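For reference, the chains in residue letters:
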Amino acid sequence: MIRFPFLVFRALYRYLDKWDKDHQLIFMNYGYSDPGVSIPLDETDEKNRYTVQLYHHMAEMTDLKDKDIVEVGSGRGGGLAYIARKFNPASATGIDLEKSVVGFSNKFHQWPNLTFMTGNAQNLPLKDNSCDVLLNVESSHRYISTKAFFYEVHRVLRPGGFFLFTDFRDSYKWPDLLAQLNKAGLKVIEERDISSNILRSLELDSERRESLVNRYAPKMLQKAILNFTGSKGTATYDYFLTGKFIYKSFMIQKNGDLPHMSHT
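This text gives an overview of the structure that appears in the document. (Residues numbered from 1 in each chain as written. Predicted model: local features only at pLDDT ≥ 70, side-chain atom pairs only at ≥ 80, totals over all residues. Heavy atoms only, no water.)

1. A word on the overall build of the protein chain
Scanning the protein chain for helices and strands turns up 10 helices and seven strands. Residues counted as buried form 53% of the 264 residues belonging to the protein chain. Of the contacts made within the protein chain by residues no fewer than 6 positions apart, 74% connect residues no fewer than 24 positions apart. Accessible surface computed for the protein chain: about 12,400 Å², of which carbon and sulfur atoms make up 53%. (Helix = DSSP H or I, 4+ residues; strand = E, 2+ residues; numbered from the N terminus. Buried < 20%, exposed > 50% of the residue type's maximum accessible area, 1.4 Å probe, protein only. Contact = heavy atoms within 4.5 Å. Areas by Shrake-Rupley, 256 points an atom, 1.4 Å probe, with all protein chains shown as cover.)

Structure representation (structure tokens):
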């Protein structure tokens, strides 16, 4: 799998904090497009339609009204802010490893009961049984241990709580990931292959993505960052096109007591 190196990812975030003065880049996902379906968006969200639609797709999986929700890997905060505004949770907390994006998110996204904090997905700064819904969007493929993350998801969810999970992997890696979920006491309620929706989004959004890369990225990094965006003609886009990468979305439920985590 192509992984954007962590130190480069961190440097990119810090670069954006300095140069993205008009806040064009508050989402960092591949987007989602469902043919024949177009959700109504206000002017602020319209410019990010495809990336917003991925969050909308996930948020519709279960009722979020008056729930305490957490997003792990919240990035620059655009997705969780959209959910906080449109789906009326009781509270919305974003957690990200990078301090600079947490600072940006708290400053830029002002909404009642919406907050962002620094934390590690494999050691979440949350109490046991403290949230109703945990959201993770296109983030887990960068984690050192998804196994440890899934145990943390189980720990912090309340009994019967939901884990809304979406990401991509090399096609052959999915069976092992599903086994990890099961061992962590997390039961898959709904599973969808949304690779075609992701690919359609990348096709429709490539011009905007290329324009942003040309506008904000240093010339020496433009090719690498363009590949990271998944724009048409890049290796990442081709991997989705050929089926090497499979992108899935899940609604998952906490199932029983926290199992003992094996260190083997």
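Moving on from the model shown.
2. Considerations on the sheet that holds strand 1 (residues 68-72)
Read across the open sheet, the seven strands follow the order 3-2-1-4-5-7-6; overall the sheet is mixed. At either margin of the open sheet sits one strand with a lone partner, and together these are strand 3 (114-118) and strand 6 (186-193). On average, each strand axis in the sheet is inclined to that of its neighbour by 20°, with strand direction left out of account. As paired strands, strand 6 and strand 7 (residues 245-254) are joined by seven bridges and run antiparallel to one another. Along strand 7, the bridge assignment pairs Lys187 with Gln253. Contacts from helix 3 (residues 49-59) reach strand 1, strand 4 (131-137), strand 5 (157-170), strand 6 and strand 7, with the element oriented near 145° to strand 4. (Pairing = 2+ DSSP bridges. Axes fitted to C-alpha atoms, helices over the stretch in contact; angles between N-to-C directions.)

3. Comments concerning helix 8 (residues 195-216)
The axis of helix 8 is deflected most strongly, by about 60°, at Asp205. What helix 8 keeps buried is the set Ser195, Asn197, Ile198, Leu199, Ser201, Leu202, Asp205, Ser206, Arg209, Leu212, Val213 and Tyr216. (Bend = angle between axes of the 7 residues up to and from the residue.)

4. A short note on the packing of helix 6 (residues 146-156) against helix 7 (residues 174-183)
Orientation of helix 6 relative to helix 7, taken along the N-to-C sense of each, is 35°, at an axis distance of 9 Å. At the point where helix 6 passes helix 7, the crossing takes the right-handed sense. Facing helix 6, whose interface residues are Thr146, Lys147, Phe150 and Tyr151, helix 7 presents Leu177, Gln180, Leu181 and Lys183. Broken down by class, the residue content of the contact of helix 6 with helix 7 amounts to four nonpolar, two polar and two charged. (Left-handed = near helix turned anticlockwise from the far one by under 90°. Nonpolar A, V, L, I, M, F, W, Y, C, P; charged D, E, K, R; others polar.)

5. Examining the nonpolar core
Formed by 40 residues in total, the largest nonpolar core has its most connected members in Ile83, Leu164, Ile198, Phe240 and Tyr247. Looking at this core, the element that brings in the most residues is helix 4 (residues 78-87), giving six residues. Those residues in contact with Ile198 that lie beyond four places of it in its chain are Tyr30, Gly31, Leu54, Phe240 and Tyr247. Counting residues in each nonpolar core, the second largest holds 25 residues, with Phe150, Leu157, Ala184 and Phe250 among its members. (Core = buried A, V, L, I, M, F, W, Y, C linked by side-chain atoms within 4.5 Å.)

6. Some thoughts on the side chain of Arg49
Within the fold, Arg49 resides in helix 3. When its relative accessible area of 12% is taken as the criterion, Arg49 is described as buried. Within the local environment of Arg49, its side chain forms a polar contact with the backbone oxygen of Ile39, the two atoms lying 2.9 Å apart. Residues in contact with Arg49, not counting those within four places in the same chain, are Ser38, Ile39 and Leu41. (Polar contact = N/O pair within 3.5 Å; in protein donor to acceptor, adjacent residues only side chain to side chain.)

7. Digging into unusual backbone geometry
Residues other than glycine seldom take positive phi values, yet Asp66 does so here, at roughly 65°. Inspection of the secondary structure assignment puts Asp66 in the loop between helix 3 and strand 1.

Scope: geometric values only; no functional claims are made or implied.
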